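Topology and contacts: notes
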Amino acid sequence: MDPSTRARRWAKAPDFAGQPARVEAVRAQTAIDKINYLDSGLHEVQCRECGTCVLVRKNSFDHTSVQWCEDPASVCPNFRDDAAPGALRDGCPQLRASIEQAVLDGRITVPD
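Residues numbered from 1 in each chain as written. Predicted model: local features only at pLDDT ≥ 70, side-chain atom pairs only at ≥ 80, totals over all residues. Heavy atoms only, no water.

Moving on: the overall build of the protein chain. Secondary structure assignment for the protein chain yields 5 helices and 3 strands. For the protein chain, buried positions account for 16% of its 112 residues. Restricting the contact set of the protein chain to residue pairs at least 6 apart, pairs at least 24 apart contribute 33%. (Helix = DSSP H or I, 4+ residues; strand = E, 2+ residues; numbered from the N terminus. Buried < 20%, exposed > 50% of the residue type's maximum accessible area, 1.4 Å probe, protein only. Contact = heavy atoms within 4.5 Å.)

Below you can see the structure in the form of structure tokens.
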């Protein structure tokens, strides 16, 4: 099947043209989803080693979401001292320990 045929037969999501109430409902749900998945449940955690502040959400004991407030390479010595800019990293062990301590202290809750 050539790409032009595929483009006519498949759409990632319907646009609900001609259904303004449905368009508004999708828009409203998208706004709610954005809050739920990107903003809610975030807690500030400050690294006990360097003072870098990040936003953290624990989705489970094994899953942690971290949102850096600034470029990690400019605020975290562990990232700044890394010789390979842009390389994949496991993160900062000091920040990880600070997050784990925040969980132990009850400042961050872990869902059941």
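The 3 strands lie next to each other as S1-S2-S3, forming an open sheet whose pairing is antiparallel. Because the sheet does not close on itself, it has two edges, and the strands there are strand S1 (43-46) and strand S3 (64-68). Adjacent strand axes in the sheet meet at a mean angle of 40°, parallel and antiparallel pairs treated alike. In the sheet, strand S2 (residues 53-58) pairs with S3 via 5 bridges, with the strands oriented antiparallel. If you follow Lys-58 over to S3, its bridge partner there is Thr-64. Contacting S1, S2 and S3, helix H5 (residues 93-105) crosses the sheet at an angle of about 125° to S1. (Pairing = 2+ DSSP bridges. Axes fitted to C-alpha atoms, helices over the stretch in contact; angles between N-to-C directions.)

So, about the confidence of the model for the protein chain. Of the residues in the protein chain, 85% reach a pLDDT of 70 or more, and the chain-wide mean stands at 85. The secondary structure element of the protein chain with the lowest average pLDDT is helix H1 (residues 3-9), at 60, and the one with the highest is H5, at 96. (pLDDT = per-residue confidence, 0-100.)

A word on helix H2 (residues 20-39). When the terminal C-alpha atoms of H2 are compared, their 28 Å separation across 20 residues agrees well with the 28 Å that a helix rising 1.5 Å per residue should span. Downstream of H2 by a residue or two, Gly-41 has a phi angle that is positive, lying close to 75°. (Expected span 1.5 Å × (residues − 1).)

This next bit is on the pattern of salt bridges. Side chains that differ in sign of charge can pair as their charged atoms come close. One pass over the structure, following the stated rule, counts 2 salt bridges. A salt bridge links Glu-24 to Arg-27; the nearest nitrogen and oxygen atoms lie 2.6 Å apart. Of this pair, Glu-24 and Arg-27 both sit in helix H2, 3 residues apart, which is roughly one turn of that helix. We classify Arg-27 as partly exposed; its relative accessible area is 47%. (Salt bridge = Lys/Arg side-chain N within 4 Å of Asp/Glu carboxyl O.)

This part is about the side chain of Thr-52. Relative to the assigned elements, Thr-52 resides in the loop between S1 and S2. The class of Thr-52 is buried, set by a relative accessible area of 7%. From its side chain, Thr-52 meets the backbone oxygen of Val-75 in a polar contact 2.7 Å long. With sequence-adjacent residues up to four places away left out, Thr-52 is seen in contact with Val-45, Gln-46, Cys-47, Trp-68, Val-75 and Cys-76. (Polar contact = N/O pair within 3.5 Å; in protein donor to acceptor, adjacent residues only side chain to side chain.)

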